[in-house]
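The primary structure of each chain is shown beneath.
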Amino acid sequence: MLHGLHLGAADLDRLYPCHLILDCDTRVIAAGRVIARLLPELSAKPLLKDVFLIERPQGATDFDALCRARDQSFLLAARSRGTVRLKGEIFPVAGAGAVFFTVLWLSDGGMLDELGLTIGDFAIGDASPDLIFLVETQAALLRDAQTLTERLKAARDEAVAASRLKSEFLGNMSHELRTPLNAIIGFADYLLSVGAEKVPPKHLEYIKDIRSSGLFLLDIINDLLDMARIEQGKFVLEEQDVDLGVIVREAVKSVAEKARERAIRIRLTGFDRPVAVRADRRVMQQVLLNLLSNAVKFNRDGGEVEVSADAAPRGDLTVRVADTGIGVAPAVIPQLFEPFRQADSRVARKYGGTGLGLAIVRRLVELHDGRITMQSAPDAGTTVSFTLPRSRLVGLAA
Amino acid sequence: MYGLVNKAMRELVVKAHGEPVWRKICAEAGYADTEFNSMHQYPDALTYQLVGAASKVLDTPAETLLETFGEYWTDFAQSTDFGRLMKFAGRTLLEFVQNLDQMHAKIKFSLPDLTPPSFRCSDVSEKGFRLHYYSTRQGLAPLVIGMIKGVAKMHRTPITIRRDKGRDEGLDHDEFVVTYA
């Protein structure tokens, strides 16, 4: 009786469907409906120790010892059915025996199935099924995430393999294309050298076209070959001490004629003394020639190109190529450093090119432990800057 | 709705009509992906869009699809990690339905964003029972019919089920009559 409330046997069974009632001889004289169903031997009113191994607290076997452990947590394991375990506490009733307030001790969802338990076998307030649900759903979540990760990994492996095959194909094909092209350019050179006395003037123009188209194709093929080699990790730098000033001036010479044709002025800043770095000369030529060619190609007539070298923070070196040309929207800049991308297809049609130039330049700068960036806006010109780390600078500038 | 529901729908369509048809349904529904993460919460609108798109692509009424899907759901859920938890809901169809709210309460413990429907049984007799279905979602009565059929099959209990009255008649819930065959 509690504040006028009576709790009867049925209430006890509802709150603790796995309870046990002991007499003073430790005989189990009554049991909750669920534990009675799981362990039918309880109907014979056996001694507690004959049905359960008392795992905790150890040594509590007779009634007095059990009662003395009333403040401790009990763990009982059924001798006939290893998966049936109870946890709870004992509540002695003076002179009458004791009640074990126990619940099933579950460690995973498989036990629900194995013991044939349903939700109705648990008291509403028993948190064990909630914990089992939590464990099961978390495990499902993990398995789900694992499956997705494996699928993503497989897709990535497939993409990497396809990309490698593509690079190998590009490399082989470019090599195959270059051989006959060299013959075409070579024979065009020969015919041009033979001169006007043996070749009719009109044919001479055709031969010039064959040669310039051949050289244009050769540039494209060389780009493809470079890209393929970089992607396959086969691009090896031949490093030496080089003066970037010399390389910049050579690059300026290469674009000078085109710049002159369109009245574009090229200015150098910071190259009045040697700018010495440890780098691959041919690669640096390629990088600077590419950036200068773009600066002229995408400039407006009468525009300006400035190439400058400056000390960057932490002692790094930054080389900038700035033009006053058509520029691009900042949003498309990241694309330009990816292979086969140009700002838009109209640019490709108007200005030509493979869309590989900046992608190759980026990789070549990165092979030198450097980084490259671009600032641009439509009709506001473009500045491409690449930075080489301090470790690449050599003491020639002193 | 949790991705598990959309995942089941995907599996049903792929099994019956193949992957290309499912891709077509996703495209029609404006869903860029074709897969779902079971425990990820997706907008209800996506599930409705997928049902609408499936109805169009398969040229089948949405109600028929929902009922088929409901029936399939039980098989699907049993085949997932939740299979044994489903058995836990009850040993008979009636017990299962009566325990559904408690089951959902337990699942909500680990899936806190779950907004499950609520079920109540009345007029229980040896001939059957009346099922009361409460949900914040509209138009899913055919899904309930399919699901109850699926659960009945799981418990090897032949039944017939019909929608008796509901929100269309001004109630705040739908009522179904379940009769043991």
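Our subject is the structure listed above.
As the structure is a computational prediction, the values presented were derived from the model and not from experiment. (Residues numbered from 1 in each chain as written. Chains lettered and ligands numbered in written order. Predicted model: local features only at pLDDT ≥ 70, side-chain atom pairs only at ≥ 80, totals over all residues. Heavy atoms only, no water.)

Undergrad: With reference to specific residues and values, describe the overall build of chain B.
TA: Broken down by element type, chain B carries 7 helices and 4 strands. Reading chain B from its N end, one meets helices and strands in the order α-α-α-α-α-α-β-β-α-β-β. Sorting the 181 residues of chain B into buried and exposed places 50% on the buried side. Put simply, 57% of the contacts in chain B that link residues at least 6 apart link residues at least 24 apart. When the accessible surface of chain B is summed, it comes to about 8700 Å², and 54% of that surface belongs to carbon and sulfur atoms. (Helix = DSSP H or I, 4+ residues; strand = E, 2+ residues; numbered from the N terminus. Buried < 20%, exposed > 50% of the residue type's maximum accessible area, 1.4 Å probe, protein only. Contact = heavy atoms within 4.5 Å. Areas by Shrake-Rupley, 256 points an atom, 1.4 Å probe, with all protein chains shown as cover.)

Undergrad: Describe the interface of chain A and chain B, with residues and values.
TA: Residue-level contacts link 28 residues of chain A with 22 residues of chain B. Overall, the association of chain A and chain B removes approximately 2300 Å² of surface from exposure, summing both partners, and the carbon and sulfur fraction of that is 61%. Counting across the interface, chain A meets chain B through 4 salt bridges. Linking Asp113(A) and Lys87(B) is a salt bridge whose minimum nitrogen-to-oxygen distance equals 3.5 Å. Across the chain A-chain B interface, the total number found is 6 residue pairs in polar contact (both at pLDDT 80 or more). (Buried area = accessible area lost by both parts, 1.4 Å probe. Salt bridge = Lys/Arg side-chain N within 4 Å of Asp/Glu carboxyl O. Polar contact = N/O pair within 3.5 Å; in protein donor to acceptor, adjacent residues only side chain to side chain.)

Undergrad: Let's hear about the sheet that holds strand 4 (residues 74–78) of chain A: which residues, and what values?
TA: Residue and element names in this part refer to chain A. Within the open sheet, the 6 strands sit side by side as 2-1-6-5-4-3. Their pairing is antiparallel. Edge positions in the sheet fall to strand 2 (28–31) and strand 3 (52–56), since each of these pairs with one other strand and no more. Neighbouring strand axes in the sheet, compared pairwise and without regard to direction, differ in orientation by 30 degrees on average. Two elements, strand 1 (residues 20–22) and strand 6 (residues 97–104), share 3 bridges in a ladder whose sense is antiparallel. Bridging across to strand 6, Leu-20 finds its partner in Phe-100. (Pairing = 2+ DSSP bridges. Axes fitted to C-alpha atoms, helices over the stretch in contact; angles between N-to-C directions.)

Undergrad: Give a description of the packing of aromatic side chains that names residues and reports values.
TA: Applying the stated rule across the entire model yields 14 aromatic pairs over all chains. Ring centres 5.8 Å apart and planes at 50 degrees place the aromatic pair Phe133(A) and Phe88(B) in the tilted group. Remark: Phe88(B) occurs in the loop between helix 5 (83–87) and helix 6 (93–110) and Phe133(A) occurs in helix 6 (residues 128–194); the pair is interchain, linking two chains. In this structure, Phe133(A) and Phe88(B) share a single accessibility class: buried. (Phe/Tyr/Trp six-rings, centres within 6.5 Å; stacked < 30°, edge-to-face > 60°.)

Undergrad: Tell me what's going on with the environment of Gly52(B), and back it up with residues and numbers.
TA: Position of Gly52(B) relative to the elements: it lies in helix 3 (residues 44–58). Separated by 10 residues in sequence, Gly52(B) and Ala62(B) have C-alpha atoms that sit 6.5 Å apart.

Undergrad: Can you break down the pairing of strand 5 (residues 85–93) of chain A residue by residue, with the values?
TA: Residues and elements named next belong to chain A. Of the pairings in the sheet, the one linking strand 4 to strand 5 comprises 4 bridges and is antiparallel in character. Its bridge partner being in strand 5, Phe-74 is matched across the sheet by Gly-88. Taking the residues that link successive antiparallel strands as the turn, the strand 4-strand 5 hairpin has 6 residues. Two elements, strand 5 and strand 6, share 8 bridges in a ladder whose sense is antiparallel. From the neighbouring strand, Gly-88 faces strand 6, where its bridge partner is Thr-102. Here strand 5 folds back onto strand 6, and the loop between the two strands holds 3 residues, one of which, Gly-95, carries a positive phi near 70 degrees.

Undergrad: Can you lay out unusual backbone geometry for me, pointing to particular residues and giving the numbers?
TA: Note the cis peptide between Arg56(A) and Pro57(A), where omega equals -10 degrees. Tracing the sequence through the fold places Pro57(A) in the loop between strand 3 and helix 4 (63–68). Although it is not a glycine, Thr26(A) sits at a positive phi angle of roughly 65 degrees. Backbone geometry places Asp123(B), a non-glycine residue, at a positive phi of 50 degrees. Judged by relative accessible area, which is 55%, Asp123(B) ranks as exposed.

Undergrad: Provide a residue-level description of the side chain of His173(B), including the pertinent values.
TA: All names here are of chain B. Positionally, His-173 belongs in the loop between strand 3 (159–165) and strand 4 (174–180). By relative accessible area, which is 7% here, His-173 ends up buried. Of the polar contacts made by the side chain of His-173, one reaches the side chain of Glu-175; its length is 3.0 Å. In this structure His-173 touches His-132, Tyr-133, Tyr-134, Lys-165, Gly-166 and Arg-167, once residues within four positions along its chain are discounted.

Undergrad: Go over empty space enclosed by the protein, please, and point to the residues and values.
TA: Where empty space is left in the structure can be found by rolling a water-sized probe over the atoms. Residues and elements named next belong to chain A. Taken as a whole and judged by the stated rule, the model has 2 cavities of 30 Å³ or more. The calculated volume of the largest cavity comes to roughly 40 Å³. Lining of the largest cavity is provided by Pro-17, Cys-18, Thr-102, Val-103, Leu-104, Asp-121, Phe-122, Ala-123 and Asp-126. Its residues assigned to classes, the lining of the largest cavity comprises 6 nonpolar, 1 polar and 2 charged. Of the voids in this model, the second largest cavity is the one considered here, and its volume is about 30 Å³. (1 Å grid on protein atoms, 1.4 Å probe; cavity = no way out; pocket = protein on both sides within 12 Å on 5 of 7 lines; lining within 4 Å. Points joined across faces, edges and corners; volume = space filled by probe spheres on them. Nonpolar A, V, L, I, M, F, W, Y, C, P; charged D, E, K, R; others polar.)

Fair warning: the whole summary comes from geometry, so function is off the table for now.
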